[in-house]
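Spelled out from the first residue to the last, the chains are:
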Amino acid sequence: MVYTKRVDGRKIDELRPMEAKAGVVKNANGSASFKIGKTWAIAGVYGPREVVPRFMANPRHGILRCHYTMMPFSGSGERIKPGRSRRAQEISMVMEQSLAPVVDLSAFPNSVVDIFVELPQTDAGTRCAAISAACIALADAGIPMKDMISSVAVGQVDGMVVADLNYNEESYPAIVSDIPVAMMHNTKEITLLQMDGEISKADLIKALELAKVATEKVYQLQVKALKDKYAVDNNEDKNDRQ
Amino acid sequence: MSELLVQERNVVVPGEALAQGMDFLPGDNAYREQNQIYSKVLGLVSVSGRVIKITPLSGPYLPKTEDKIIARVMDITISGWRCDTATAYTAMLNVRDATTRFVKKEEDLSQILAIGDYAVVKIVNVTSQNLIDLTMKEPGLRKITGGRIISINSQKVPRVIGRQGSMITLIKDKTGCDITVGQNGLIWIKGTAEGESKAEKAIKRIEAKSHLEGLTEKMEKFLGEN
């Protein structure tokens, strides 16, 4: 079986339809919702606040802490047991490490910025969606950052290098690789690079070139979500009078 | 060749290029990387001469000396009170700085300020690790009694106060309330029940629309209608 056409009919560099919004959780200091295809992430940022437990506090700069959670009925298979799991812990850690290079908490020693990401619905690419949502939420919370981080998965399905794999492609019965990538916008520095499966060196280079283009598309959407929150509403006066 | 890449009052995101070339200087919340100046926060651009600074649209409060804030007493220690400042840092208010009268050695400090009480205080000292010292010994600084306390984002405080206090005077006049605005985003409103809820609504509205121009006129209309 040769993979010549993608299962959902997309072009090889085409991402699933995306949607993003900043400021969706009222009680958080900053928040965002990020949808890509059927995958949906909601991020809330709290802080800088006091560090609990105290031993984690760093007197030189503030720390970043991520909490990744898939909701019980978010997947397409078995019910997901809520709470921490090995997988959630690992993803929380890679999220922290991929966001930390841009976040500047030097003005907030002994404090913590908590990022909570909930996934109400998942269809592969959750850690990428979580990172993209978390970055919008951090900017919305007014945390100083030197750049934005955009994340998307690339990979190879039976010899075809594609962007943004969905679950059907990830589980395609052939040699498949899934490479989540997170990148800074200005310098294109990679802050997250993981892989499942197998890929040739030539294809990996091709996939990473594709990731540059794909993360740029995510970046455009992230910027739009943030700017839309503060767009001047031209109908405002009209609405006020009604 | 230097070139400005954004316009005054544009909304910019972190990492967005603001200017190219060495003729411009990065001000607050901006930084230079080689030939370009970038924004460090989500905010509004303001250019004054060669300096480009970003006014944040949201963000945490950074304690500064001489700031008047509203703090909540969270603990009583041997020589004073530990106060919550609505930031990641707690502040110390010493007995000496809390009252002018003589306090005896065994006196119960909760008679002056109890746990859970709010007070209008001023920051006298902030260290590099953001340890804060407070005072309550100046005119206008006191324990809060009655009324209600609301919380807004501290970056919106200048808009709530307005130029030379124009906005806050407007709300005070229209609602008949006493309003004390803390730089940390806590606001104490005291007046009639109706006045208080009207003032609260007005302040929440300013917070939501703080990025727009001509806000004082809009608020005058809003307060006139209701």
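Quick caveat, the model's predicted, so the values are computed rather than measured. (Residues numbered from 1 in each chain as written. Chains lettered and ligands numbered in written order. Predicted model: local features only at pLDDT ≥ 70, side-chain atom pairs only at ≥ 80, totals over all residues.)

A few words on the overall build of chain B. Within chain B, the regular secondary structure consists of 5 helices and 16 strands. Considered along the principal axes of its C-alpha atoms, chain B spans approximately 70 × 45 × 25 Å. Looking at chain B residue by residue over its 226 residues, the buried ones come to 37%. Counted over contacts in chain B with a minimum sequence separation of 6, partners at least 24 positions apart contribute 53%. (Helix = DSSP H or I, 4+ residues; strand = E, 2+ residues; numbered from the N terminus. Buried ≥ 20, exposed ≤ 12 C-beta atoms within 10 Å, placed from the backbone. Contact = placed C-beta atoms within 7 Å.)

Next up on the list: the overall build of chain A. Of regular secondary structure, chain A possesses 5 helices and 10 strands. The C-alpha radius of gyration of chain A comes to 19 Å, within 12% of the 18 Å expected for a compact globule of 242 residues. Summarising its shape, the C-alpha atoms of chain A cover approximately 55 × 55 × 40 Å along the three principal directions. In chain A, which comprises 242 residues, the share counted as buried stands at 47%. Across chain A, every contact between residues at least 6 apart in sequence was considered, and the portion connecting residues at least 24 apart equals 71%. (Rg over C-alpha atoms; globule rule 2.2 N^0.38 Å.)

Residues and elements named next belong to chain A. Of all 9 residues in strand E8 (residues 176–184), 9 are buried, a share of seventy percent or more. Side chains of E8 alternate between two faces, with Val176, Asp178, Pro180, Ala182 and Met184 and Ser177, Ile179, Val181 and Met183 buried alike. Pairing analysis gives 9 bridges linking strand E6 (residues 149–157) to E8, with the strands arranged antiparallel. Within E8, the position partnered with isoleucine 149 by the bridge is methionine 184. Direction of pairing for E8 relative to strand E10 (residues 196–197): antiparallel, over a ladder of 2 bridges. Looking at the pairing, serine 177 lines up with glycine 197 of E10. Here E8 runs beside strand E9 (residues 190–193); their pairing, made up of 3 bridges, is antiparallel. For methionine 183, the partnering residue across the bridge sits in E9 and is isoleucine 190. Turn length for the E8-E9 hairpin, with the two strands adjacent in sequence and antiparallel, is 5 residues, and the turn residue lysine 188 shows positive phi of about 60 degrees. (Pairing = 2+ DSSP bridges.)

What follows deals with the domain arrangement of chain B. Taken as a whole, chain B is organised into domain 1 (3–56), domain 2 (68–135) and domain 3 (148–225). Computed from C-alpha atoms alone, the centre-to-centre distance between domain 1 of chain B and domain 3 of chain B is 30 Å. (Domains from an automatic or database assignment.)

Our focus in this paragraph is helix H4 (residues 193–208) of chain B. All names here are of chain B. In this model H4 runs 23 Å from its N-terminal to its C-terminal C-alpha over 16 residues, within 8% of the 22 Å that 1.5 Å per residue would give. Buried within H4 are the following residues: Glu196, Lys198, Ala199, Ala202, Ile203 and Ile206. Angular distribution of buried residues about the axis of H4 spans 165 degrees; they occupy a single face of the element. Structural note: H4 exposes Ala193, Glu194, Lys204 and Ala208 on the side pointing more than 90 degrees away from its buried face. Looking at the buried side of H4, the elements it contacts are strand E14 (148–151), helix H2 (157–161), helix H3 (166–175), strand E15 (178–181), strand E16 (186–190) and helix H5 (215–225). (Expected span 1.5 Å × (residues − 1). Arc of directions from axis to C-beta.)

On to the environment of phenylalanine 102 of chain B, then. As for its placement among the helices and strands, phenylalanine 102 of chain B is situated in the loop between helix H1 (95–98) and strand E12 (118–126). Sequence separation between phenylalanine 102 of chain B and proline 56 of chain B is 46 residues; the distance between their C-alpha atoms is 44 Å.

Now for the nonpolar core. All names here are of chain A. Ala43, Val117, Ala130, Ala133, Ala134, Ile136 and Leu138 are the most contacted members of the largest nonpolar core, which has 127 residues in total. It is helix H2 (residues 126–140) that contributes the most residues to this core, 11 residues altogether. The residues contacting alanine 133, other than those within four sequence positions of it, are Ala32, Ser33, Phe34, Ala41, Ile42, Ala43 and Val117. (Core = buried A, V, L, I, M, F, W, Y, C linked by C-beta atoms within 7 Å.)

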